Each structure stands twice: as C-alpha cells, then as structure tokens.
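# Architecture and fold: a report
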Amino acid sequence: QGIAKALVQEAIGRARKLEGLEQIQLAVAHTQQAARKMYQSLGFEVWGWEKYALFVNGQWIDEEHMVLFV
C-alpha cells in the first residue's frame, strides 16, 4: 500500500533538513527482498555485507548495509 515507503520518505525529508547530516545508514536482512528494493528505489546503496548477522528460528541470515548520502 506504500505506507512503509511514505514513512521512509518522510524520515529522509526531515533528515535532509538537519544541519551537518551527510548520510543515513541502515541494515536490512538479505531475505527481506521487498524492503531492499524499496530502499534502493529511494536512493540507498549497498556498501557492505555482513554474513551470519542474525540468527532467527535456527537459521543464519545475512544483512546488507546501505547508505544514502543526503
């Protein structure tokens, strides 16, 4: 429905108004493909990969680290 994207866009808009802020960083589980695509559509870029970052229900999950330069 676009609610998550609207919330992230609002947060980015507010962040851009903060003096001295140069970047926003986040980490997203590699299994969360919809979230990864949304962040990329908003301009976030992958800068790193953390193998075995999360252990959920007996399974290791990698995380992608992303950055948006504001």
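Residues numbered from 1 in each chain as written. Predicted model: local features only at pLDDT ≥ 70, side-chain atom pairs only at ≥ 80, totals over all residues. Heavy atoms only, no water.

For Tyr52, which is not a glycine, the phi torsion comes out positive at approximately 55°. Within the secondary structure, Tyr52 sits in strand S2 (residues 45–56). Phi is positive for Asn57, close to 50°, though the residue is something other than glycine. Relative to the assigned elements, Asn57 resides in the loop between S2 and strand S3 (59–69). (Helix = DSSP H or I, 4+ residues; strand = E, 2+ residues; numbered from the N terminus.)

Right, let's get into the packing of aromatic side chains. In this description, a pair of aromatic rings is defined by centroid distance and the angle of the planes. Applying the stated criterion across every chain, the model contains three aromatic pairs. On the numbers, 6.0 Å between centres and 80° between planes, the contact of Tyr52 with Trp60 is edge-to-face. Centre to centre, the rings of Phe55 and Trp60 are 4.7 Å apart; their planes meet at 55°, and the pair counts as tilted. Chaining the aromatic ring pairs together yields one cluster made of Tyr52, Phe55 and Trp60. Sitting over the face of the ring of Tyr52, Lys51 holds its NZ or CZ atom 5.2 Å from the ring centroid. (Phe/Tyr/Trp six-rings, centres within 6.5 Å; stacked < 30°, edge-to-face > 60°. Lys NZ or Arg CZ within 6 Å of the ring centre and 35° of its normal.)

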